[in-house]
Amino acid sequence: MSRRQHATPPTDDRPATKRGDVTVATVESLTHDARGVARIDGKTTFIEGALPGEQVRFRYHNKYPRYDTGAVQEVLSPSPERVTPPCPHFNVCGGCSLQHMSPTAQLDAKQRVLAETLEHVGKVQPERWLAPISGPVDGYRRRARLGVRYVSNKGGALVGFRERRSSFITPLTTCLTLDPRAAALLPAMRALVTRLSRPNRIPQIEVAASDDQLALVLRHLEPLTDNDRAQLRDFAAMYGVTMYVQPGGTDTMALLWPESPPALVYALPAFDLQLAFTPVDFVQVNAAVNRMLVELAVTLLDVKTTDRVLDLFCGLGNFTLALARRAAQVVGIEADVGLIERARANAQRNGLSNVEFRTADLFDDDAPASWTEDGYQKLLLDPPRAGAIEVIKRLPASNPGRIVYVSCNPATLARDSDYLVHQLGFRLEAAGVADMFPHTSHVESIALFTRS
């Protein structure tokens, strides 16, 4: 008997003994990364595609000493929250992991992840839960990095997100989460790359959509020919997009067409703001949710016209400029020099003179931190996934009295909450989730801390 024949999984429901076997399990809960959790003979098993309360037949992927992993083969008893995934690429594309779950249930699951992480990691619970922030669940993604790979036996270039558990590229013909203007161009992007002189040296296309413009950044590992550039310009002109090329790091990005494109701009109407950005700048992916998140952050900080407010990890001024519409003075600090330049330009664009932007590495414990001595009454934190523990440990004993913390990682928010509450004496007055990335397991959240 060949090895392949020997590895054929059983078709009945007897207990599995090795990788590739198929068995039945009842799913108890959902992990932070959207896998169902079952216990089989006392051992934890993580099952992709399973929802809490379901009985499923699944195939083992890997077996480890402390846990096993697998994926659903058949749902025997579906959850009432199960829906038919609307995208034809679901289960292959790694861009989404929760399309089989109703949007309402997705939001509830993310709230549970936040609550459990705060309790187990931070040993804290909010005094009240904020109403979840949600917006459109389709066509919301205004920023994306699409992988590109040339595969001759698949007809040319593949453009899309990476497959689940794989470095392969999903050849997307559509994407329900991507901005519709970009999603409609996926087949054309594939044809474009295939026509270039060295399609196997194009690893990525970056998409950036503003309120009324679409920009593409073509990453290339070898110089483009004149004909390549002509084809890129023709593509941009035909589809009305702004085309950039990028031979190296983000600082090598160069405009290709048109000569003088309109700026990429998004609005924060509640604050009468227009913020400009470049295609490689960090901006919140979901425009509608970002608007609501900014409004909530300013409301929670309870900004007065006499307040001096500090915004750490300020980026290009997403929260800073909104705060400046309410406060006496706002200072924004960010390590990225380019983002600080855009923030200053955005302040000028919006006629704001009560805001100052400074460049500083907030993760460097040894760097000077003049902001710790400037007497700010209110603080906004919007750190990357690593959190803000270095900043929090340098806060003065008396100020600020009120902190709003916007987080993209419940684990580091919980860790930092532990220090704020148990070491610095803050109260975790409120917390909640914002569904910045529907159909994914990403949890964006916001928390309010006040001095006891």
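Look above for the structure.
Residues numbered from 1 in each chain as written. Predicted model: local features only at pLDDT ≥ 70, side-chain atom pairs only at ≥ 80, totals over all residues. Heavy atoms only, no water.

Enquirer: Please provide a residue-by-residue account of the layout of surface pockets, values included.
Expert: Roughly 760 Å³ of volume is contained in the largest pocket. The element contributing the most residues to the lining of the largest pocket is strand β8 (residues 143–151), with three residues. Of the residues belonging to the lining of the largest pocket, the class tally is 19 nonpolar, four polar and ten charged. Approximately 430 Å³ is the volume attributed to the second largest pocket. In this structure, the second largest pocket is lined by 16 residues; those nearest its centre are Gly94, Gly95, Ser97, Thr440 and Ser441. Along the lines of polarity and charge, the residues of the lining of the second largest pocket split into three nonpolar, seven polar and six charged. (1 Å grid on protein atoms, 1.4 Å probe; cavity = no way out; pocket = protein on both sides within 12 Å on 5 of 7 lines; lining within 4 Å. Points joined across faces, edges and corners; volume = space filled by probe spheres on them. Helix = DSSP H or I, 4+ residues; strand = E, 2+ residues; numbered from the N terminus. Nonpolar A, V, L, I, M, F, W, Y, C, P; charged D, E, K, R; others polar.)

Enquirer: Please give an account of unusual backbone geometry that cites residues and values.
Expert: Cis geometry is found at the peptide bond from Trp257 to Pro258, where omega equals -5°. Counting through the fold element by element, Pro258 comes out in the loop between β13 (254–257) and β14 (264–268). One non-glycine residue, Arg165, lies in the positive phi region at around 55°. Mapped onto the fold, Arg165 is located in the loop between β9 (156–160) and α3 (180–183). If you check the backbone angles, Asp272 has positive phi at about 55° while not being a glycine. Here Asp272 lies in the loop between β14 and β15 (273–277). Residue Asp272 is classed as exposed on the basis of its relative accessible area, which comes to 59%. (Buried < 20%, exposed > 50% of the residue type's maximum accessible area, 1.4 Å probe, protein only.)

Enquirer: I'd love a proper account of the pairing of strand β16 (residues 308–312), names of residues and values included.
Expert: Extensive coverage of β16 is indicated by the burial of four of its five residues. Direction of pairing for β16 relative to strand β17 (residues 329–334): parallel, over a ladder of five bridges. Within β17, the position partnered with Leu312 by the bridge is Ile333. Inspection of the sheet shows β16 paired to strand β19 (residues 378–381) by four bridges, in the parallel sense. Bridge assignment links Val309 to a residue of β19, and that residue is Lys378. (Pairing = 2+ DSSP bridges.)

Enquirer: So what's going on with empty space enclosed by the protein? Residues and values would help.
Expert: As enumerated under the stated definition, the model contains five cavities of 30 Å³ or more in all. Put simply, the largest cavity is a space of about 100 Å³. Lining the largest cavity we find 13 residues, and of these Cys87, Cys93, Cys96, Gln99 and Cys175 sit closest to its centre.

Enquirer: How would you summarise the sheet that holds strand β5 (residues 55–63) if you had to cite specific residues and measurements?
Expert: Within the open sheet, the six strands sit side by side as β1-β5-β6-β4-β3-β2. Their pairing is mixed. For this open sheet the edge positions go to β1 (22–26) and β2 (29–30), each flanked by a neighbour on one side alone. Where β5 lies against strand β6 (residues 67–77), eight bridges are found, and the strand directions are antiparallel. Each residue of the ladder has a partner; that of Arg59, found in β6, is Ala71.

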